[in-house]
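# Residue-level structure breakdown
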Amino acid sequence: MTLAVALGAAYVMRGSSPGLMVDQPKQEIFAEPGSVPIGGQFSLEDHTGEPVTNDDFAGKLRLIFFGFTNCPDICPTTLAEIARTIELLKDDADAVAYLFVTLDPERDTPDVMAEYVKAFDRGITGLTGTVDQVDAMADTYRVAFEKIGMDGEAFQGSGDYLVSHQGNTYLMSKSGEYLTHFSYGTALEEMAGTIREAIARFGDADGET
């Protein structure tokens, strides 16, 4: 079973089914930190032009979404949902770093990312870099993506294009280890509740566990 299939199965398992859940024990939401090979070190540039690594966000949980600023639907919808989740978390929001990583670094410069993320919430940090840097982080997070032409066919290297990509939002530990992920369309209350539980179990903004 590939990791992509396993993650797809995780989406199905999260769905509630009253007929199947009666008298069943509560399913564990979080993976044991370090037990799932998703996440790790990265070296990128934030939307202010400053170099950043995984270590710059030490002491906070991380909510990470991969996309691109020319995305017509999934990206703006997800970022709007993350912004709303930040509001729902209220005082707990500071325990989390909110990262939007572009998969289109050739077009998404720091200036472009800065204009984009501020339209949603100033607490969201946009991350970009060289093609190699972004590819390396996407590989570390097992994010599949590819350029496609506006006709939906494989991009031929000229003209405009979109980036086909998965819609997972990752919740990572304070050291950048995988805890869980949210599929596209997860209810805001569920996301906020899961993040609150992660804060309680894995540490708060002051770095206590």
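Residues numbered from 1 in each chain as written. Predicted model: local features only at pLDDT ≥ 70, side-chain atom pairs only at ≥ 80, totals over all residues. Heavy atoms only, no water.

What follows concerns the pairing of strand S7 (residues 161-165). Only one face of S7 is covered, namely the face carrying Tyr161, Val163 and His165; the face carrying Leu162 and Ser164 is uncovered. Bridge count for strand S6 (residues 145-149) against S7 is five bridges, and the pairing is antiparallel. What sits directly across from Lys147, in S7, is Val163. (Buried < 20%, exposed > 50% of the residue type's maximum accessible area, 1.4 Å probe, protein only. Helix = DSSP H or I, 4+ residues; strand = E, 2+ residues; numbered from the N terminus. Pairing = 2+ DSSP bridges.)

With that settled, the discussion passes to the pattern of salt bridges. Going through the model one piece at a time under the given rule, you end up with seven salt bridges. In this structure, the salt-bridge partner of Arg107 is Asp104, at a minimum N-O distance of 2.5 Å. Of the residues examined, Arg107 reaches a relative accessible area of 23% and is grouped as partly exposed. Given the relative accessible area of 0%, Asp104 is considered buried. Through salt bridges with shared partners, one network takes in Asp104, Arg107 and Asp160. (Salt bridge = Lys/Arg side-chain N within 4 Å of Asp/Glu carboxyl O.)

A word on the nonpolar core. Counting residues in hydrophobic clusters, the biggest one holds 52 residues, and the most contacted among them are Leu63, Phe66, Tyr98, Tyr141, Leu171 and Ile195. In this structure, Phe66 is in contact with Phe100, Val101, Leu103, Met137, Ala138, Tyr141, Val143, His165, Gln166 and Tyr170, ignoring residues within four places of it in sequence. (Core = buried A, V, L, I, M, F, W, Y, C linked by side-chain atoms within 4.5 Å. Contact = heavy atoms within 4.5 Å.)

A complete count under the given rule lists 10 aromatic pairs for this structure. Centroid distance Phe65 to Phe100: 6.1 Å. Interplanar angle 15°. Geometry classified as stacked. Of this pair, Phe65 sits in strand S3 (residues 61-67) while Phe100 sits in strand S4 (residues 96-102), and the two are 35 residues apart along the sequence. Phe100 shares its class with Phe65; the two are buried. The interplanar angle of 70° and the centroid separation of 6.5 Å between the aromatic rings of Tyr170 and Tyr178 together place this pair among those described as edge-to-face. Accessibility expressed as a relative area gives 1% for Tyr170, which makes it buried. Put simply, the rings of Phe65, Phe100, Tyr116 and Phe120 touch in pairs and so form one group of aromatic residues. Directly above the ring of Tyr161 sits Arg107, whose terminal nitrogen or CZ lies 3.7 Å from the centroid. Across the ring face of Tyr161, the terminal group of Lys147 is positioned such that the distance to the ring centre comes to 4.7 Å. (Phe/Tyr/Trp six-rings, centres within 6.5 Å; stacked < 30°, edge-to-face > 60°. Lys NZ or Arg CZ within 6 Å of the ring centre and 35° of its normal.)

Okay, the side chain of Thr180 next. Among the structural elements, Thr180 can be located in strand S9 (residues 178-182). Exposure remark for Thr180: the relative accessible area of 2% places this residue in the buried category. In terms of polar contacts, Thr180 uses its side chain to reach the backbone carbonyl oxygen of Ile29, at 3.4 Å. (Polar contact = N/O pair within 3.5 Å; in protein donor to acceptor, adjacent residues only side chain to side chain.)

With that settled, the discussion passes to unusual backbone geometry. The backbone of Lys90 shows a phi angle near 55°, a positive value even though the residue is not glycine. With respect to the element layout, Lys90 can be found in the loop between helix H3 (74-89) and S4. A positive phi is found at Arg142, a non-glycine position, where the angle reads about 60°. Among the secondary structure elements, Arg142 is positioned in the loop between helix H5 (131-140) and S6.

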